[in-house]
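Remarks on the overall topology
Letter by letter, the chains look like this.
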Amino acid sequence: MVSAEPLVLIVDDEAPIRRFLRASLVGERCRVAEAANAAEALEKAASQRPDVIVLDLGLPDRDGIAVIRDLREWSQVPIVVLSVRDREADKVTALEAGADDYLTKPFGVGELLARLRVALRHASVAGSGDEEPAFTVGDLRVDLARRQVFVAAREVRLTPIEYKLLAVLVKNAGKVLTHRQLLHQVWGPEYGDENHYVRVYVAQLRHKLEADPARPHYLRTEPGVGYRLVSE
Amino acid sequence: MSEPRRPDPDELLARVQAEETRKAQGKLKVFFGAAPGVGKTYTMLEAARARRAEGVDVFVGWVETHGRRETAALLEGLEVLPRRQLSYRGTRLEEFDLDLALERRPGLVVVDELAHTNAPGSRHAKRYRDVEELLCAGVDVYTTLNVQHLDSLNDVVAQITGVIVRETVPDAALDRADEIELVDLPAEELRKRLGDGKVYIPEMAAAAAENFFREGNLIALRELALRRTAERVDAQMQRYRRDHAVRETWPTAERVLVCVGPSPYAVRLIRAARRMAARLQAEWVAVYVETSAQLHLAAADREQLERTLRLAEQLGAETATLSGGDEVEEILAYARRRNVTKLVVGKPAEPRWRTLLHGSFVERLVRGSGDIDVYVITGRTEDEERHEPTARRAHSRWPAYGFAVGTITLCTLLAAVLAEHLALANIIMLYLLGVLVVALRAGRGPAALSSVLSVAAFDFFFVPPRFTFAVGDTQYALTFAVMLAVALVIANLAARVRDQAEAARAREQRTAALYAVSRACASAGETYEVVRVAGHHLAEVFGRQVVILLPHTDGRLGEAYSGGVPFTRDPKELSVAQWCLDHGERAGLGTTTLPGSVALYLPLLVSSGCVGVIGLGPGAGPLDSERVHLLEAFANQIALAVERTNLAAEAQTALLQAETERTRSVLLSSVSHDLRTPLAAIAGASSTLLRNPASLPAETRRDLLQSINDQAERLNRFIGNLLDMTRLEAGAIVLRREWQPVEEVVGAALGQVEGRLAGREVETSVPAALPLVAIDASLVAQALVNLLDNALKYTPAGSPIEIAARVEADALVLEVGDRGPGLAAGEEQRVFEKFYRRAPENGQPGAGLGLAIARAVAVAHGGRITAANRSGGGAVFSLTLPLGGPPPEIRAEGPAATAREAGRTEG
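Here is what the cut-offs are and how they apply
- Residues numbered from 1 in each chain as written.
- Chains lettered and ligands numbered in written order.
- Predicted model: local features only at pLDDT ≥ 70, side-chain atom pairs only at ≥ 80, totals over all residues.
- Helix = DSSP H or I, 4+ residues; strand = E, 2+ residues; numbered from the N terminus.
- Buried ≥ 20, exposed ≤ 12 C-beta atoms within 10 Å, placed from the backbone.
- Contact = placed C-beta atoms within 7 Å.
- Core = buried A, V, L, I, M, F, W, Y, C linked by C-beta atoms within 7 Å.
- Domains from an automatic or database assignment.
- Pairing = 2+ DSSP bridges.
- Axes fitted to C-alpha atoms, helices over the stretch in contact; angles between N-to-C directions.
- Parallel < 35°, antiparallel > 145°, perpendicular 65-115°, else oblique.
- Left-handed = near helix turned anticlockwise from the far one by under 90°.
- Nonpolar A, V, L, I, M, F, W, Y, C, P; charged D, E, K, R; others polar.
- Right-handed = clockwise from strand over helix to strand, strands pointing away.
- Expected span 1.5 Å × (residues − 1).
- Bend = angle between axes of the 7 residues up to and from the residue.
- pLDDT = per-residue confidence, 0-100.

1. Comments concerning the overall build of chain A
A count of helices and strands for chain A gives eight helices and 13 strands. Here chain A holds 232 residues, and the buried ones make up 41% of them. Considering only residue pairs separated by 6 or more positions, chain A has 55% of its internal contacts joining residues 24 or more positions apart.

Spelled out as structure tokens, the structure:
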């Protein structure tokens, strides 16, 4: 999977934040590098090749979104954004600029570690080139190789679009995907703003997969942002 | 002498106030002289130089040296204000530049010749008004004045010298002077100076010596000037005594009443009365009696009367217009009412027959005057030659006379038909009836004509021998005489009744209009309403365009009402209105201030100052005094109403401010409480951990750490709410409406509170068939979260919570119900107020923002939120949101298959 002790680059101008992140990450058997501004972050990302970057958007020298775009020009390193900006539009912008996940400050360390794990796993899968043939979480099992979906060992019949949507979510399990990302990947880039397609099909999937579609267990809604398929 | 009396406190107060205002104003010093050439300007300039030497900022606003070298020499070294250049009808004129002086604002301005009349196009018609404005602005003024220019002495001077002086100054302008310096020169010396060419250039001097500068004239003028100055010194002395309560020197309570008419002689009466009043130190009143016969005064007469009354006002009189049937009775009644002691009347030019018939006006007045002294003054004035008899009736009366002839003809025909059956006496009755009808319908003149005609017709047609004016029996002579007399009396009486009715009607109309305005103003709640209603009425009553202007907060006027395009769009007109507002005096057409403008401007004056300006636009005919008085009455009503609504608006603003202040203080106390409580818990727990990390039992350490974590979360939620509220209130949130499945929104909300549910049962009832709704999902989810949090907070642990969604009409209804204690009576609305707190069930106090945010979200969506108690116990909160139109179509897709089948069909 990943090297035994992954290198995490923490980019935040607030020393107390860096301090507690370092403490908790080292406790989780990670190696840690720190950067206090955008320039330093880009320099260390290039020179130290971290396995994942934890990025604050409010940097003193440049906006974090610009840093994401710069990084994405040459690197696929997973980026988890940490920010005090809690508006949905900010989250969507960061995700669509190429961030892998987004956490609003303040946050629990448990939550951050879970997101980092997901990000590292996806990076390693993408890097190795071979996709996991089957995805299992709780009672839900999706066999991508055989195109089969089971809930508690009972096969569920899905329409082609429902399946395609589920497959995209499975490939990004644990990550949040914006409505637009889903729309483009499932329906195609010619669909611009018809986010309701995504919502309607997600609702259909929930009715087929969830015990109580009004309180979904697998297909979580990130209000105003998109969806996340739980992975653990 | 009676015992010494202290000054009346009211009067003292008034005097102190007057002095206060005078202190803020500039000081006026008048260099007063008997004739040109006595050296006023010279003395004035010397005085000005002396002041400059004292360090006062002096400059010369206007000085006329008349080519006198000594005077010109005094100007050297003094700063002289450039003159304003005007052109009027092709001539270049120079005038004193008031605006420049006001702008420059020195300590003292020297302005020569107070009586000067400004060129047309200047702000004020007269220079003394310029000076008044300077004084108001706090600038001291030195000026000069000759005795012949003084209004009240004007005709005396004319009598003495035979020269009519048209440039006059109201006595009030001299009276208000803080200091008067008499520049005196014996007549002999003045004539010598004139002879030496020191007054006028030689050619002019020769002519002047023959006319104005005759020795007799100069002595008389000198006496006038000395006397006028002495009077003033006397007045000062009296004031001094009064101020210091030395001894009782109150003047006897004299009051002078002067009766004026439309005749130009009236001016003379006014001046005589003013002199008498000044001598007696008495109040004086000028009255005009409007009898029914005078209702139809010609326009020129009306103007003359108006001028006379205005002069009286300028000279310090109170003016009044009385109305009634008989002049003498009205005057005497008014005089008694006002405790008048002296009555001044002119010697009227009455026709002899009238005097014989009624007794002369003066005789009757004297007979009825009792203890009132009556002064009769003959009149001959400068205006005599100008006065032309004016037609009494402006409009043609011919139809009325035709009516008279027709009526008598009709009577004659009727009588001829009935002649066989009627006695002659009854025919007379028929004619008298005819005369009565004419008198009532057509007025006095036609009635008189019909009286004569009826006698003639009676004689010609009916008195034997018929069809001739010859009379058989001489007895008929008496019949005719009596018949004529009776007819004339009837005509007169009937015409008077008619005139009185007409007068009453005219008055009634005015009163009605005034009443309508005052009632409308009283019921209007807001200033703009008052102005609209009043402006509308005024335009109707006066038949002219009316503009009402109110000042903005910066003091600049703006049109608040105008019928049509306001004439104040013209910046020149607006500046006249602005002047009217700033000075609280009328200006414009028909006044002495800026008379060149097209409209008359009246200030809306109340006790606190001027609240606005009424502009009365141009129209047919001049505005007579009666109408101006009516306009003033309107202005008073409107001013009061505007003041009332202004005060109401101020009170409202104050109330709002107090409310805002209250909200702010509640917010501050609430915010500080909700921020500090969790911070205190965090700081307390963490400092405990830091002090004794080793000695604490593991369980306690865990508790403290848990507490830090919980309180941090609480703090975060509170700040989130505060931010949401702020954004919603500031309108910073733009709704991002998208088509949403209701189920997903409910699910998102439930997902957010999951951690806080602590095993509570939440029953959801969201039908799958609900349509998509156009809402901002995250805001609505937030509102639901807040409703759920509210339910969690105020209901006992373990009690169930229900969420239900349904569609009602065109709206989505989301309900959050609980089985808690429910709402207290009257709380249904208040729970949505910011910072409203209920007693919490679980001891966790909230910020009182959650429900306010839920309501703000509902309102932002054009929906609403309500709270109620439900049957079976507990409360239910309903969020109602519009669906936002028919949902979009979703393109259909093939039937569902297992994923593998689907894959095959695809691939």
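Read on for the rest.
2. Focus: the overall build of chain B
When its secondary structure is counted, chain B shows 28 helices and 26 strands. Expressed as a percentage of the 907 residues in chain B, the buried residues total 35%. Considering only contacts within chain B whose residues lie at least 6 apart along the sequence, 69% involve residues at least 24 apart.

3. Some details on the nonpolar core
In terms of nonpolar packing, the biggest core is built from 62 residues, with A:Val54, A:Leu55, A:Val81 and A:Leu166 touching the most fellow members. Looking at this core element by element, the count peaks at eight residues for helix 8 (residues 195-209) of chain A. Residue-level mapping places this core at the junction of two domains, with at least three residues from each of domain 1 (7-128) and domain 2 (134-229) of chain A. In contact with A:Leu166, other than residues within four places in its own chain, are A:Val142, A:Val149, A:Leu158 and A:Leu205. Ranked by size, the runner-up nonpolar core spans 51 residues in total, among them B:Phe32, B:Phe96, B:Val169 and B:Leu218.

4. Some points on the sheet that holds strand 12 (residues 219-222) of chain A
Neighbouring strands of a sheet are bound in pairs by backbone hydrogen bonds; such pairs are parallel or else antiparallel. Residue and element names in this part refer to chain A. If you trace the three strands from one edge of the open sheet to the other, you get 11-13-12, paired in antiparallel fashion. Only two strands of the sheet have a single neighbouring strand rather than two, namely strand 11 (176-178) and strand 12. Strand-to-strand twist in this sheet, taken as the mean axis angle between neighbours without regard to direction, amounts to 30°. Across three bridges, the pairing between strand 11 and strand 13 (residues 226-229) is antiparallel. Of the residues in strand 13, the one forming a bridge with Val-176 is Arg-228.

5. Here's the deal with the packing of helix 17 (residues 424-442) of chain B against helix 18 (residues 444-462) of chain B
Residues and elements named next belong to chain B. Packing of helix 17 against helix 18 leaves a shortest axis separation of 9 Å and a crossing angle of 160°. Considering their axes alone, helix 17 and helix 18 lie roughly antiparallel with respect to each other. In this structure, helix 17 meets helix 18 at a crossing whose hand is right-handed. Packed against helix 17, whose contacting residues are Leu-424, Ile-427, Ile-428, Tyr-431, Gly-434, Val-435, Val-438, Ala-439 and Ala-442, the element helix 18 presents Pro-446, Ala-447, Ser-450, Ser-451, Ser-454, Phe-458 and Phe-462 at the interface. Tallied by class, the residues present in the contact of helix 17 with helix 18 amount to twelve nonpolar, four polar and no charged.

6. A few points about the sheet that holds strand 9 (residues 255-260) of chain B
All names here are of chain B. What the five strands build is an open sheet, ordered 11-10-9-12-13; its pairing is parallel. A strand with exactly one partner marks an edge of an open sheet, and here the two such strands are strand 11 (318-324) and strand 13 (373-377). Here the average twist between neighbouring strands, direction ignored, is 25°. Sheet topology places strand 12 (residues 342-346) next to strand 13; five bridges connect them, and they run parallel. Bridged to Val-345 within strand 13 is Val-376.

7. Some remarks on the environment of B:Ala220
Residues and elements named next belong to chain B. Note on placement: Ala-220 falls in helix 10 (residues 215-243). Judged by local crowding, Ala-220 falls into the partly exposed class, with 19 C-beta atoms found within 10 Å. For the pair formed by Ala-220 and Val-157, sequence separation is 63 residues and the distance between their alpha carbons is 8.6 Å.

8. Let's talk about the interface of chain A and chain B
In this assembly, 28 residues from chain A lie in contact with 33 residues from chain B. For the side of chain A that touches chain B, the elements supplying multiple residues, two or more each, are strand 8 (148-151), strand 10 (157-158), helix 6 (160-171), helix 8 and strand 12 of chain A. Element by element, the count of residues in the side of chain A that touches chain B is highest for helix 8 of chain A, at seven residues. Residue composition of the side of chain A that touches chain B, by class: 13 nonpolar, seven polar and eight charged.

9. Focus on the pairing of strand 14 (residues 546-551) of chain B
Residues and elements named next belong to chain B. When you tally the buried positions in strand 14, you get five out of six residues, the bulk of the element. Two strands pair when backbone bridges link them, and strand 14 and strand 15 (residues 557-562) are joined in this way by five bridges, in the antiparallel orientation. Residue pairing for strand 15: Pro-551 is matched across the bridge by Leu-557. Hairpin connection of strand 14 to strand 15: five residues between the antiparallel strands, including Gly-555 at a positive phi of 90°.

10. Structural notes on unusual backbone geometry
Across the junction of A:Lys105 and A:Pro106, the peptide omega takes the value -5°, indicating a cis bond. Relative to the assigned elements, A:Pro106 resides in the loop between strand 5 (101-104) and helix 5 (109-128). One non-glycine residue, B:Arg105, lies in positive phi territory at about 50°. Checked against the element boundaries, B:Arg105 lands in the loop between helix 4 (98-104) and strand 6 (108-111). The exposure class assigned to B:Arg105 is exposed, which follows from the 12 C-beta atoms found within 10 Å.

11. Notes on the pairing of strand 1 (residues 7-11) of chain A
All names here are of chain A. Most of strand 1 is tucked away, with four of its five residues classed as buried. In terms of strand pairing, strand 1 meets strand 2 (residues 31-35) through five bridges, oriented parallel. Residue pairing across strands places Leu-7 opposite Arg-31, the latter belonging to strand 2. Following the chain from strand 1 across helix 1 (residues 15-27) to the adjacent parallel strand 2, one finds a crossover that is right-handed. Sheet topology places strand 1 next to strand 3 (residues 52-56); four bridges connect them, and they run parallel. Bridge assignment links Ile-10 to a residue of strand 3, and that residue is Val-54.

12. Overview of the environment of A:Leu209
Residue and element names in this part refer to chain A. Within the element layout of this structure, Leu-209 appears in helix 8. With 23 C-beta atoms packed within 10 Å, Leu-209 lands in the buried category. Sequence-wise, Leu-209 and Phe-150 are 59 residues apart; in three dimensions their C-alpha atoms are separated by 8.5 Å. Once residues within four sequence positions are removed from consideration, Leu-209 is found in contact with Leu-140, Val-151, Val-156, Tyr-218 and Leu-219.

13. So, helix 24 (residues 742-757) of chain B
Residue and element names in this part refer to chain B. Over its 16 residues, helix 24 runs 21 Å from end to end, which matches the ideal 22 Å to within 8%, given 1.5 Å per residue. The largest bend in helix 24 comes to about 35°, at Gly-751. By the burial criterion, the buried members of helix 24 are Val-742, Glu-743, Glu-744, Val-745, Val-746, Gly-747, Ala-748, Ala-749 and Leu-750.

14. Here we look at the environment of B:Ala425
Residues and elements named next belong to chain B. Counting through the fold element by element, Ala-425 comes out in helix 17. A count of 8 C-beta atoms within 10 Å places Ala-425 in the exposed class. Spatially, the C-alpha atom of Ala-425 lies 9.4 Å from that of Thr-479, the residues being 54 residues apart in sequence.

15. Let's talk about the packing of helix 3 (residues 64-74) of chain A against helix 4 (residues 88-97) of chain A
Residues and elements named next belong to chain A. At a minimum axis distance of 9 Å, the contact between helix 3 and helix 4 shows a crossing angle of 15°. The orientation of helix 3 with respect to helix 4, classified from their angle, is roughly parallel. The handedness of the crossing between helix 3 and helix 4 comes out as right-handed. Side by side, helix 3 and helix 4 meet where Ile-65, Ile-68 and Arg-69 of the first sit next to Thr-93, Ala-94 and Ala-97 of the second. Considering only residue class, the contact of helix 3 with helix 4 consists of four nonpolar, one polar and one charged.

16. Examining helix 6 of chain A
One full turn of an α-helix is made of 3.6 residues, so residues set three or four places apart face in the same direction. With twelve residues, helix 6 of chain A extends 16 Å between its outermost C-alpha atoms, agreeing within 8% with the 16 Å of an ideal straight helix rising 1.5 Å per residue. Buried within helix 6 of chain A we find A:Glu162, A:Tyr163, A:Lys164, A:Leu165, A:Leu166, A:Ala167, A:Leu169 and A:Val170.

17. Comments concerning the confidence of the model for chain B
Residue and element names in this part refer to chain B. The share of residues in chain B with pLDDT of 70 or more is 88%, and the mean pLDDT across the chain is 80. pLDDT under 50 marks residues 381-395. Its contacts with residues more than four places away, or in other chains, come to 18 contacts. Interface predicted TM-score (ipTM) for the complex: 0.85; the corresponding pTM is 0.47.

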